[in-house]
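# Architecture and fold: a report
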Amino acid sequence: MSDNKGVVYLGDGKVDVQSIDDPKLELSYRGKTRQCHHGVILKVISTNICGSDQHMVRGRTTAPAGMVLGHEITGEVVEAGRDVEFIKKGDICSVPFNIACGRCRCCKEGDTGVCENVNPDRPGAAYGYVDMGGWIGGQSRYVMVPYADWNLLAFPDRDQALAKIRDLTMLSDIFPTGYHGAYTAGVTTGSTVYVAGAGPVGLACAHAAQLLGAAVVIVGDMVEERLAQARSFGCETVDLKTEASLPDMIEQILGSREVDCAVDCVGFEARGHGGESGVEKPATVLNQVMEVTRVGGGVGIPGLYVTDDPGGVDEAARTGNLSLRIGLGWAKSLHFTTGQCPVMKYNRGLMMAILHDRCQIAKAVNATVISLEDAPQGYADFDQGAAKKFVLDPHGVLAASS
């Protein structure tokens, strides 16, 4: 190795590509280091910029300067620890963004997003993310993955994987997360669905809803470029900058003011509706999805909400307390699913859908390949609302396969 580089968070609005240490098969907890015989070193083939990363880069979390970012990782195994039995050197693998041990109660019950053993401070861990265990991020040339036999999804055929790498790179987070939002909201054959947000996760959710058999998928956003991207693969859209109410706009499409299922793919940096579209109102989307979901329907909430937001609009928001119309949700007997997506619950099935041409997730989210060195510009463009999912290409593999 010896040429490792990574995308480093420097402070509010600033990232840079810097030389970083080569990964080692080691684990460090609270200053103590031991060998990680169950881990592997990956040569990163692709690694994506995520909307969750943007929250940190905007200074909306307590992320420390110097953190190496990146939790959406696909790579080739170049070194394996002594206790790795089933993953082999040369395998191309998708890395779930949730780091999980496979041994605790949560992992054994399939709740890998809240593993109890990989973060000394709270359940759940992720690469390169604030409060998620201090793991080194994967927007880099090389990265270490622990519990490799449990965590990694190896692709069955190398050539096929490289041919579909732009789609397969979405398996680490965005596609399972979008699918999780739709699935837990109850999307099924013939459903009508409202997806709040046409960023990459919202677009992935909309495409997942189609895969699940939805009859109509309506996507709401304030950026016309993103709405156009949603329409490009068959979604209906509503422009939330307009003064018309969301139920009115849905009625124009469906003839009904409510949908069967709704999904919040925006999270805590939500803005108001119509004339308040430039004003941050963090509870707006949660209240809207309760309003437009039919009695007995479901709401998926893959959009990120945090316990500490230094940039919150008021004291309550700064500690994750939002003004929700929970009485409305209760009165309508809605069910809600929140929290990190347990990626391993979905990634193999979605891999098979990709490999057998049942979906085109890279096209749906407008996957756009850039070099690792261009990551700072990718972050800037994404922050301005670009209707693109930026995929970093640390070793030029994707460029060579195009």
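First, a word on scope: everything that follows refers to the structure included in this document. These numbers were taken from a predicted model, which means no experiment stands behind them.

A separate point is the pairing of strand β16 (residues 367-371). Taken together, the five bridges between β16 and strand β17 (residues 389-393) define a ladder with parallel strand orientation. Within β17, the position partnered with I370 by the bridge is L392. Read as a crossover between parallel neighbours, the route from β16 over helix α15 (residues 375-383) to β17 is right-handed.

What follows deals with the nonpolar core. Ranked by internal contacts, the top residues of the largest apolar core, which has 73 residues, are V7, L69, L171 and F175. When residues in this core are grouped by element, the largest group, six residues, is from helix α7 (residues 200-211). When neighbours within four sequence positions are excluded, L171 is seen to be in contact with S94, L153, F155, P176, V343, N347, L350, M351 and I354. If you look at the next biggest cluster of nonpolar residues, it comprises 30 residues, including L27, C115, M144 and Y147.

A few words now on α15. Each α-helix turn comprises 3.6 residues. Residues three or four places apart therefore point the same way. Regarding α15, the residues found buried are A375, G378, Y379 and F382. Mapping the buried residues of α15 onto a view down its axis gives an arc of 100 degrees, with all of them on the same face. Just past α15, the residue G385 takes up positive phi, approximately 95 degrees.

Here we come to the environment of C107. Along the polypeptide, C107 turns up in helix α2 (residues 105-108). Classification of C107 as buried rests on a relative accessible area of 3%.

Moving on, we come to the packing of helix α6 (residues 174-185) against α7. Remark: α6 packs on α7, axes separated minimally by 7 Å, with the N-to-C direction vectors making an angle of 60 degrees. Between α6 and α7, the interaxial angle falls into the category oblique. With respect to the hand of their crossing, α6 and α7 are arranged in right-handed fashion. Packed against α6, whose contacting residues are I174, F175, T177, G178, Y179 and A182, the element α7 presents P200, V201, A204, C205, A208, A209 and L211 at the interface. A breakdown of the residues in the contact of α6 with α7 according to their chemical character gives eleven nonpolar, two polar and no charged.

Before going further, it helps to examine the side chain of E280. Relative to the helices and strands, E280 is located in the loop between β13 (259-264) and α10 (284-292). A polar contact of 2.6 Å, which involves the side chain of E280, links it to the side chain of R60. If we skip the residues at most four places from it in the chain, E280 touches R60, F268, E269, A270, R271 and V313.

Strand pairing in a sheet takes place through backbone hydrogen bonds and is either antiparallel or parallel in direction. Reading across from one edge, β12-β11-β10-β13-β14-β15 is the order of the six strands in this open sheet, with parallel pairing throughout. Each edge of the open sheet carries a strand with a single partner, namely β12 (236-239) and β15 (335-338). The sheet shows a mean angle of 20 degrees between the axes of neighbouring strands, taken without regard to direction. With four bridges connecting them, strand β11 (residues 216-221) and β12 associate as parallel partners. In the strand pairing of β12, G220 is matched with V238.

With that out of the way, let us pick up the side chain of N119. Looking at where N119 falls in the secondary structure, it is placed in the loop between α2 and β8 (142-145). Reaching out from N119, the side chain makes a polar contact with the backbone nitrogen of D121 at a distance of 3.0 Å. Here D131 takes part through its backbone oxygen, which lies 3.0 Å from a polar atom of the side chain of N119. If we skip the residues at most four places from it in the chain, N119 touches G124, A125, D131, M132 and G133.

Quick look at the environment of L355 now. Following the sequence through the fold, L355 ends up in helix α13 (residues 347-355). Residue classification places L355 among the buried residues on the basis of a relative accessible area of 7%. Sequence-wise, L355 and F155 are 200 residues apart; in three dimensions their C-alpha atoms are separated by 9.5 Å.

With that settled, consider the packing of helix α9 (residues 246-254) against α10. The interhelical angle for the contact between α9 and α10, taken along N-to-C directions, is 45 degrees, at an axis separation of 10 Å. Taken as axis vectors, α9 and α10 run oblique relative to one another. At the point where α9 passes α10, the crossing takes the right-handed sense. Within the contact between the two elements, α9 uses L246, P247 and I250 and α10 uses Q288, E291 and V292. Its residues placed into classes, the contact of α9 with α10 shows four nonpolar, one polar and one charged.

In this structure, A283 sits in the loop between β13 and α10. As for A283 and E109, which are separated by 174 residues in sequence, their C-alpha atoms are 31 Å apart. For A283, the residues in contact, after removing those within four places along its chain, are L322, S323 and L324.

The rules behind these values
Residues numbered from 1 in each chain as written. Predicted model: local features only at pLDDT ≥ 70, side-chain atom pairs only at ≥ 80, totals over all residues. Heavy atoms only, no water. Pairing = 2+ DSSP bridges. Helix = DSSP H or I, 4+ residues; strand = E, 2+ residues; numbered from the N terminus. Right-handed = clockwise from strand over helix to strand, strands pointing away. Core = buried A, V, L, I, M, F, W, Y, C linked by side-chain atoms within 4.5 Å. Buried < 20%, exposed > 50% of the residue type's maximum accessible area, 1.4 Å probe, protein only. Contact = heavy atoms within 4.5 Å. Arc of directions from axis to C-beta. Axes fitted to C-alpha atoms, helices over the stretch in contact; angles between N-to-C directions. Parallel < 35°, antiparallel > 145°, perpendicular 65-115°, else oblique. Left-handed = near helix turned anticlockwise from the far one by under 90°. Nonpolar A, V, L, I, M, F, W, Y, C, P; charged D, E, K, R; others polar. Polar contact = N/O pair within 3.5 Å; in protein donor to acceptor, adjacent residues only side chain to side chain.

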